[in-house]
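A structural walkthrough
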Amino acid sequence: MSQRVLTGITTTGTPHLGNYVGAIRPAIAASREPGVESFFFLADYHALIKCDDPDRIERSRLEIAATWLAAGLDTSRVTFYRQSDIPEITELNWLLTCVTAKGQMNRAHAYKATVDATLAAGEEPDANVTMGLYCYPILMAADILLFNAHRVPVGRDQVQHIEMARDVAQRFNHLFGKGRELFVLPQAEIEESVATLPGLDGRKMSKSYDNTVPLFEGGAKALKDAVARIVTDSKLPGEAKDPDGAHLVTIHDAFADAATRAAFHADLRGGLGWGDAKQRVVQLIEAHVGPMRERYAELVAHPERIEDILQEGARKARITATPLLAELRQAVGLRRMVAVSQPKAAKAAGAEKSAVPVFKQYREADNLFYFKLTAADGSLLLQSQGFAEGREAGGWVKRFKTEGAAVLADAPVTLGEGADRTAVEEALAALVAAQE
Ligand code: TRP
């Protein structure tokens, strides 16, 4: 079976270099591997947790979609969609919410960080916590589990969420799978060398720290300006510098092949000045990002093209999502009502045929109780004799449903015209499956 790779990007800010290196690039690389089926999406429901500015949400969705496409995503190979175009995600979110322990959500880093910051500001712990934030990992689990993803490329800060998704999947399988794996247990995948790209100040590159290097925004000039602001130590040109631990070097290495890395490290040890080093970093990144920036500008100028691509992606995604959700609804007990006894309606309907085989119990003019089994096409498979008591007929029906065609040996029934034991077996199996 092919491996499914899935990841999402929250559509709040404008993509920066950290998003590209930590998520977009490894995901696109993974999508080109043979035997891989990829699902990439805009996590716009997650964006609503962090942002209540509609214009920013709209703008960011467009920019992030354009970024993925400009970065070389091949939408004929991957399924590329918006979270909010897939209603099955919110439906699954609820099914998962109902099996997720509150205590587990209490331990989620994102929520805890907000509580800590609020306490530090002297406020009530929950003052800034919406239920969206609190349940954020459940929505993320729904994103992942709905597509039965095996691998989830993410930044290191998201690993806890993938572990939570595994836990929830396991609990759900255990509760409702009846020995079957309804959900695949996903695995986080971190690009080890550049798991979290440092920002200008050395902390994780993040919108929330305002320490990002822009990917396309502001063009080559903005890239150059940002790199100029990367904090280094105060060693002068000619002094030996330690490449290990300098975040300029980490950013460089994220774009360099092994030989270029080695040369850069050696030159720094040999006294390369930080100014010259930064110029090399700018050139290196620009060579990589420049051509993508042109494609990006073209796409952003044509949002309707992006919309079409995403609509097609949603259609593809739902081909996978819809049957799984139907199965899950069955598993938890949200099932179609299948009446065991509906003789009058069936007779009155005449030509109308049920899609599944059906047992009918009824009473005849002789005042006796009967049952019969009809196939999905309406043909008669089994006809019982008459019983004095209705519950006797009901008892046999129940035995057929639980014990299958073996009951034929004991039951006071005759086979319908053209029906045989195999037909009865198949009908009983279909009936049981439809009710599960
Ligand atoms: N929470 C992730 C982030 O902020 C984005 C995300 C949402 C995601 N759903 C996901 C990532 C599912 C991977 C899989 O980075």
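Keep in mind that this is a model prediction, so the values were computed, not measured. Every chain's residues receive numbers from 1 upward, in the order its sequence appears when written. Given that the model is predicted, a residue must reach a pLDDT of at least 70 before its local features are reported, and side-chain atom pairs must reach 80 or more before they are shown or counted; all residues, however, enter totals for whole chains, interfaces and linings. The side-chain numbers reported here are obtained from all heavy atoms of the structure, hydrogens and water having been left aside.

1. Quick notes on the overall build of the protein
Put simply, the rule is: Numbering of helices and strands starts at the N terminus; helices are DSSP runs of H or I of at least 4 residues and strands are runs of E of at least 2. The rule is simple: take the accessible area with a 1.4 Å probe, protein chains only, and divide by the maximum for that residue type; under 20% is buried, over 50% is exposed, in between is partly exposed. Residue contacts are counted whenever heavy atoms from the two residues lie within 4.5 Å of one another. Accessible surface is estimated by sampling points in the Shrake-Rupley manner with a 1.4 Å probe; for residues, cover comes only from the protein chains shown.
A tally of helices and strands in the protein yields 17 helices and 9 strands. Overall, the protein is about 110 × 50 × 40 Å in size when its C-alpha atoms are taken along their principal axes. Counting all 436 residues of the protein, 46% fall into the buried class. Nonlocal contacts in the protein, meaning residues at least 24 apart in sequence, comprise 69% of its contacts between residues at least 6 apart. For the protein, the accessible surface area stands at approximately 21400 Å², while carbon and sulfur atoms represent 53% of it.

2. Topic: the layout of surface pockets
This is how the line gets drawn: Both site types are read off a 1 Å grid over the protein atoms alone. A 1.4 Å probe that fits but cannot get out defines a cavity, while an open set with protein on both sides within 12 Å along at least five of seven lines defines a pocket; lining residues have an atom within 4 Å of a point. Grid points are joined across faces, edges and corners, and a volume is the space filled by probe spheres set on the points. Any residue outside Ala, Val, Leu, Ile, Met, Phe, Trp, Tyr, Cys, Pro, Asp, Glu, Lys and Arg is labelled polar, Gly included; the first ten of those are nonpolar and the last four are charged.
Roughly 1300 Å³ of internal volume is contained in the largest pocket. Lining the largest pocket we find 44 residues, and of these K50, Y136, D157, Q158 and K204 sit closest to its centre. For the lining of the largest pocket, the secondary-structure elements that each account for two or more residues are β1 (3-10), α1 (17-31), β2 (36-43), α2 (44-50), α6 (109-120), α8 (136-145) and β4 (151-153). Of the residues contributing to the lining of the largest pocket, the split by class is 21 nonpolar, 17 polar and 6 charged.

3. Things to note about the packing of helix α3 (residues 54-70) against helix α13 (residues 274-300)
To keep things clear, this is the line we draw: Lines fitted to C-alpha atoms define the axes, with helix axes restricted to the stretch in contact, and inter-axis angles between N-to-C directions lie between 0 and 180 degrees. Angle categories: roughly parallel below 35 degrees, roughly antiparallel above 145, roughly perpendicular from 65 to 115, and oblique for all the rest. Left-handed describes a crossing whose near helix is turned anticlockwise from the far helix through less than a right angle; right-handed describes the clockwise counterpart.
Put simply, α3 and α13 touch, their axes get as near as 9 Å, and they point 135° apart. Relative to α13, the element α3 lies oblique. At the point where α3 passes α13, the crossing takes the right-handed sense. Side by side, α3 and α13 meet where R59, L62, E63, A66, T67, L69 and A70 of the first sit next to M292, R295, Y296, L299 and V300 of the second.

4. So, the packing of aromatic side chains
The geometry of two aromatic rings is summed up by the distance between their centres and the angle between their planes. Going by this rule: In this scheme Phe, Tyr and Trp rings, the latter by its six-membered ring, pair at centre separations within 6.5 Å, and the angle between planes marks the pair as stacked below 30 degrees, edge-to-face above 60, and tilted otherwise.
Throughout the structure, instances matching the rule amount to 15 aromatic pairs. Taking 5.4 Å as the distance between ring centres and 15° as the angle between the ring planes, the aromatic pair formed by F41 and Y81 counts as stacked. Within this pair, whereas F41 is found in strand β2, its partner Y81 is found in strand β3 (residues 79-82), the two being separated by 40 residues in sequence. On the basis of an interplanar angle of 5° and a centroid distance of 6.2 Å, the ring pair of F371 and F387 is categorised as stacked.

5. A word on the pattern of salt bridges
Here is the rule: What makes a salt bridge here is a side-chain nitrogen of Lys or Arg within 4 Å of a carboxyl oxygen of Asp or Glu, nothing more.
Evaluated as defined, the whole model comprises 20 salt bridges. For the salt bridge of E37 with R4, the shortest nitrogen-to-oxygen distance reads 3.2 Å. With E37 in strand β2 and R4 in strand β1, this residue pair connects regions lying 33 residues apart in the sequence. In this structure E37 comes out as partly exposed when scored by relative accessible area, which is 29%. Assessed through its relative accessible area of 15%, R4 is described here as buried. A salt bridge links R318 to E88; its shortest N-O distance comes to 3.0 Å. Placement of the pair is R318 in helix α14 (residues 303-332) and E88 in helix α4 (residues 87-97), with a sequence separation of 230 residues. By relative accessible area, which is 6% here, E88 ends up buried. Counted as one network, the salt bridges with shared partners bring together E33, R151 and E189.

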